[in-house]
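Residues per chain, in single letters:
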Amino acid sequence: MGFADDLQQAERNLAAASAYHANAVNDAFVAVQQAEQGYWSRVRFFEAEASGIREAYAEGLSAFAGIVLYPDRISDGETPLPLTPGIRTFVSTAGNTQYAGRDTRTLSITIDFPNGMRITAMGDPDKEGEAREFAALVMNTAAKIDGAPPTLEQDLARLQRELDAARADTRELDAARAAYQAAYYDTAAVQAAEQTLAALRVQAPQAAQDYEDAKHKRRQRDRFLAVVAAVAAVAVLAILGFAVLSYFIRLL
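Note that the structure is a prediction, hence the values are computed from the model and not measured.

Helix and strand counts for the protein chain come out as six helices and seven strands. The order of α-helices and β-strands along the protein chain, N terminus first, is α-β-β-β-β-β-β-β-α-α-α-α-α. Sorting the 252 residues of the protein chain into buried and exposed places 25% on the buried side. Across the protein chain, contacts joining residues at least 24 apart in sequence account for 62% of those joining residues at least 6 apart. In the structure as shown, the protein chain presents an accessible area of about 16,800 Å², 56% of it carried by carbon and sulfur atoms.

Below, the structure written as structure tokens:
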């Protein structure tokens, strides 16, 4: 293999090392972006939870037929009762739509409390599915309570602790940033390829110059051929356009 081939191979090695380094840096940068998105997603989740819990205590988690479920209580608009484990809910339906041509259907929802209290309301019989979903939500929410019902202050304090922990947990982000820094400064392969190419050029400067001159001439030739090809393409299109135009003129 001649000197020109050695130079060409050294240039290829440098290009390959540079491309590999650029790809590694780009991949690491993408990982940093993903880590940042994950970090802020977690932080904003707890910020939204803190805002949502205030709304839940003020307006309720869900409602059906005038009964409102809150994080700490249930209210029918008149008597709020504390939410406690052991609550049981029932949805009952009766009647039909074919009795003497009238709709006799009824739907009721009943909530029984361990202390003997009860809330009952009549609902839209066409919304039986919503009634049963609400009844299940009441029982599931009550079952999660351990001891006394929660308070807004307790929930806000809990969410603040979770938010502080989410803000402080930057392990994934720190690791991604460290990996990016490592990839960015890992230029050993590029530098080695540069040194090999530089050593070849110093070894035979005249031959290296001849190689560069020949490469420059090839580039000029390639550009010239590209221009010629473009001009030829334009000429062919012009001839075709003229032929089509002449055809339509003859038709007229």
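Picking up where we left off.
In this structure, Ala65 is a non-glycine residue whose phi angle is positive, near 50°. One can find Ala65 in the loop between β1 (62-64) and β2 (67-69).

Before going further, it helps to examine the pattern of salt bridges. Evaluation of the coordinates by the stated rule reveals 11 salt bridges. For Asp72, the salt bridge is made with Arg73, and the minimal N-O distance between the two is 2.8 Å. Since its relative accessible area comes to 18%, Asp72 is described here as buried. By relative accessible area, which is 23% here, Arg73 ends up partly exposed. A salt bridge links Asp169 to Arg171, with the nearest nitrogen and oxygen atoms 2.8 Å apart.

This part covers the sheet that holds strand β7 (residues 118-123). On the basis of which strands lie adjacent, the open sheet formed by three strands has the order β5-β6-β7 and antiparallel pairing. The outermost strands of the open sheet, each flanked by one partner alone, are β5 (88-94) and β7. Ignoring which end each strand starts from, the neighbouring axes of this sheet average 15° apart. Inspection of the sheet shows β5 paired to strand β6 (residues 106-112) by seven bridges, in the antiparallel sense. Residue pairing in the sheet places Val91 in a bridge with Ile109 of β6.

Here we take up the sheet that holds strand β4 (residues 80-82). An order of β1-β2-β3-β4 is seen for the four strands of this open sheet, with the pairing classed as antiparallel. The open sheet has two edge strands, β1 and β4, and neither has a second partner. For this sheet, the mean inter-axis angle between neighbouring strands, taken without regard to orientation, is 20°. Across three bridges, the pairing between β1 and β2 is antiparallel. Bridge pairing in β2 places Phe64 opposite Ile67. Each of β1, β2 and β3 (73-75) is contacted by helix α2 (residues 128-143), which is oriented at about 135° to β1, the strand it contacts most.

A few words now on the packing of aromatic side chains. Inspection of the entire model under this criterion finds six aromatic pairs. An angle of 80° between the planes, with centres 5.1 Å apart, marks the rings of Tyr39 and Trp40 as edge-to-face. Among the aromatic residues, ring-to-ring pairing joins Phe29, Tyr180, Tyr184 and Tyr185 into one connected group. In this structure, Arg73 is placed above the aromatic ring of Tyr70, and the distance from its NZ or CZ to the ring centre is 3.7 Å.

Structurally, Thr89 is set in strand β5. Residue Thr89 is classed as buried on the basis of its relative accessible area of 12%. Polar contacts involving the side chain of Thr89 include one to the main-chain carbonyl oxygen of Ala135, which spans 3.2 Å.

With six of seven residues buried, β6 lies mostly within the body of the structure. Turn length for the β6-β7 hairpin, with the two strands adjacent in sequence and antiparallel, is five residues, and the turn residue Gly116 shows positive phi of about 95°.

The subject of this paragraph is the confidence of the model for the protein chain. Averaged over the protein chain, the pLDDT score is 86; the fraction of residues at 70 or greater is 85%. For the protein chain, per-element mean pLDDT is lowest for helix α6 (residues 205-251), which scores 68, and highest for helix α4 (residues 171-185), which scores 96.

Quick notes on the rules
Residues numbered from 1 in each chain as written. Predicted model: local features only at pLDDT ≥ 70, side-chain atom pairs only at ≥ 80, totals over all residues. Heavy atoms only, no water. Helix = DSSP H or I, 4+ residues; strand = E, 2+ residues; numbered from the N terminus. Buried < 20%, exposed > 50% of the residue type's maximum accessible area, 1.4 Å probe, protein only. Contact = heavy atoms within 4.5 Å. Areas by Shrake-Rupley, 256 points an atom, 1.4 Å probe, with all protein chains shown as cover. Salt bridge = Lys/Arg side-chain N within 4 Å of Asp/Glu carboxyl O. Pairing = 2+ DSSP bridges. Axes fitted to C-alpha atoms, helices over the stretch in contact; angles between N-to-C directions. Phe/Tyr/Trp six-rings, centres within 6.5 Å; stacked < 30°, edge-to-face > 60°. Lys NZ or Arg CZ within 6 Å of the ring centre and 35° of its normal. Polar contact = N/O pair within 3.5 Å; in protein donor to acceptor, adjacent residues only side chain to side chain. pLDDT = per-residue confidence, 0-100.

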